[in-house]
Amino acid sequence: MRWENLTEGPAGPAALFGADAVVTRTIDTPEFRGITFHEVRARSIVNRVPGASRMPFEWTVNPYRGCSHACVYCFARKTHSYLDLDTGLGFDSQIVVKTNAPELLRRELASPRWTGAHIAMGTNVDCYQRAEGRYRLMPGIIEALLERANPFSILTKGTLILRDLPLLREAAEVTEVGISVSVGFTDAALWRTVEPGTPSPAARLAAVRTLTDAGIECGVLMAPVIPFLGDSPEQLRATVRAVAEAGATSVTPLVLHLRAGAREWFMAWLGAHHPHLVPRYERMYAGGSYAPTWYQRRITRQVHELAAEFGIGPARRGDARRTVTPERPDDRTPAGATQLSLL
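A quick note: this is a predicted structure, and the numbers were derived from the prediction, not measured. (Residues numbered from 1 in each chain as written. Predicted model: local features only at pLDDT ≥ 70, side-chain atom pairs only at ≥ 80, totals over all residues. Heavy atoms only, no water.)

Draft legend 1. Structural view of the sheet that holds strand 7 (residues 119-121). With mixed pairing, the seven strands of this open sheet are ordered in space as 3-4-7-8-9-10-11. Each edge of the open sheet is held by one strand with a lone partner, namely strand 3 (46-48) and strand 11 (251-255). Between one strand and the next, the sheet's axes are offset by a mean angle of 25°, whatever the strand orientation. Where helix 5 (residues 138-147) meets the sheet, its contacts fall on strand 4 (59-61), strand 7 and strand 8 (152-156), and the angle it forms with strand 7 comes to roughly 165°. Across the sheet, helix 8 (residues 201-213) is in contact with strand 9 (177-182) and strand 10 (218-225); its angle to strand 10 comes to roughly 160°. (Pairing = 2+ DSSP bridges. Helix = DSSP H or I, 4+ residues; strand = E, 2+ residues; numbered from the N terminus. Axes fitted to C-alpha atoms, helices over the stretch in contact; angles between N-to-C directions. Contact = heavy atoms within 4.5 Å.)

Okay, here's the thing in structure tokens:
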């Protein structure tokens, strides 16, 4: 694996992991059967967003690589190729765990160079995927942020976030805490095929209700809206209604986008499950990773109209739902189109 060349030594300061970097484990329990964990000691944990990006945050923390949620459309699949790991089944089952993430974060936040900027989590892979139930990295991460009153946000599909609700409430008393839950649709049949490792949409919305009832404002990233499978007026209405009933403070739609790595995996899935849609997708995404502007705007308008009807709205610029990320200008999304780049 490529990380064997990314340890201390010739690679120097740019190395990702220490010389004693990797311990590989397989755990033969029903919850983790078929999953391999690569435990690593990372050399850094606070990552700077590239300068060309227009994300509304500059720093991220990602304690895991790979994700057992196994969402067929996940844009982060490409990142597994950086370690010579497979971006398909390998992304779903070969999970890199940065076991020293909490202690490393404490050290980096204590640096005189750190200015207390907002830190976004869940922007690459889900920090509350199943692995978190075993490794429990997030309590230490939240505690480190709490100790410094450092603002942060979390985007997740994982109901495991409720385990850390007491810590989140403590943090919200001293700093800005933004929570968003990703729910693109409520169609159970669609969920089982495109997001097989995630809690159900109903369970995620129940988590939204629990968070808001506990005084933690929680928005919903309605992502992805999947063309021809989850975008009918009836489906959009059902989803926005459910989001409103869960007490979400905002709903922000995001149309499916298909970058390299995710595109190949999604199209293979589409060919196996909905072959009649393959030509329509080839036409819709012929211009690149994103659906046409007219389609994005149509979905955005429909969702915003429904949100107004049900008494909620899109996330306001500058509020806590800053895990929603405007796309870079070089990805050919015209100005004014509501196309976001997180999921």
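Don't stop here, the text continues.
Draft legend 2. Spotlight on the packing of aromatic side chains. The final tally for this structure, using the stated rule, is eight aromatic pairs. Between W59 and W114, the aromatic rings sit 5.3 Å apart at their centres with planes inclined by 75°, giving edge-to-face as the arrangement. Placement of the pair is W59 in strand 4 and W114 in the loop between helix 3 (101-109) and strand 7, with a sequence separation of 55 residues. Residue W114 is classed as buried on the basis of its relative accessible area, which comes to 16%. Seen from their ring centres, F228 and Y281 are 5.7 Å apart, and the 85° between their planes marks the pair as edge-to-face. Taken together, the positions of F228 in the loop between strand 10 and helix 9 (233-245) and Y281 in helix 11 (residues 278-284) put the pair 53 residues apart, joining distant regions of the chain. These aromatic residues form a ring-pair network of at least three members: F228, F266, W269, Y281 and Y285. Positioned over the ring face of Y135 is R134, at 5.3 Å from the centre of the ring. A cation over an aromatic ring shows up here: R280 above the ring of F228, its NZ or CZ 3.8 Å from the ring centre. (Phe/Tyr/Trp six-rings, centres within 6.5 Å; stacked < 30°, edge-to-face > 60°. Buried < 20%, exposed > 50% of the residue type's maximum accessible area, 1.4 Å probe, protein only. Lys NZ or Arg CZ within 6 Å of the ring centre and 35° of its normal.)

Draft legend 3. Quick look at the pattern of salt bridges. As enumerated under the stated definition, the model contains 10 salt bridges in all. Each of R106, E143 and E147 takes part in a single network of salt bridges with overlapping partners. (Salt bridge = Lys/Arg side-chain N within 4 Å of Asp/Glu carboxyl O.)

Draft legend 4. Molecular detail of the sheet that holds strand 5 (residues 64-65). Read from one edge to the other, the open sheet built from four strands follows the order 1-2-6-5, with strand pairing classed as mixed. Here the strands that pair on one side only, and so sit at the sheet edges, are strand 1 (23-26) and strand 5. As paired elements, strand 2 (residues 36-40) and strand 6 (residues 94-98) share five bridges and run parallel to each other. Along strand 6, the bridge assignment pairs F37 with I95.

These figures come from the coordinates and say nothing about function on their own.
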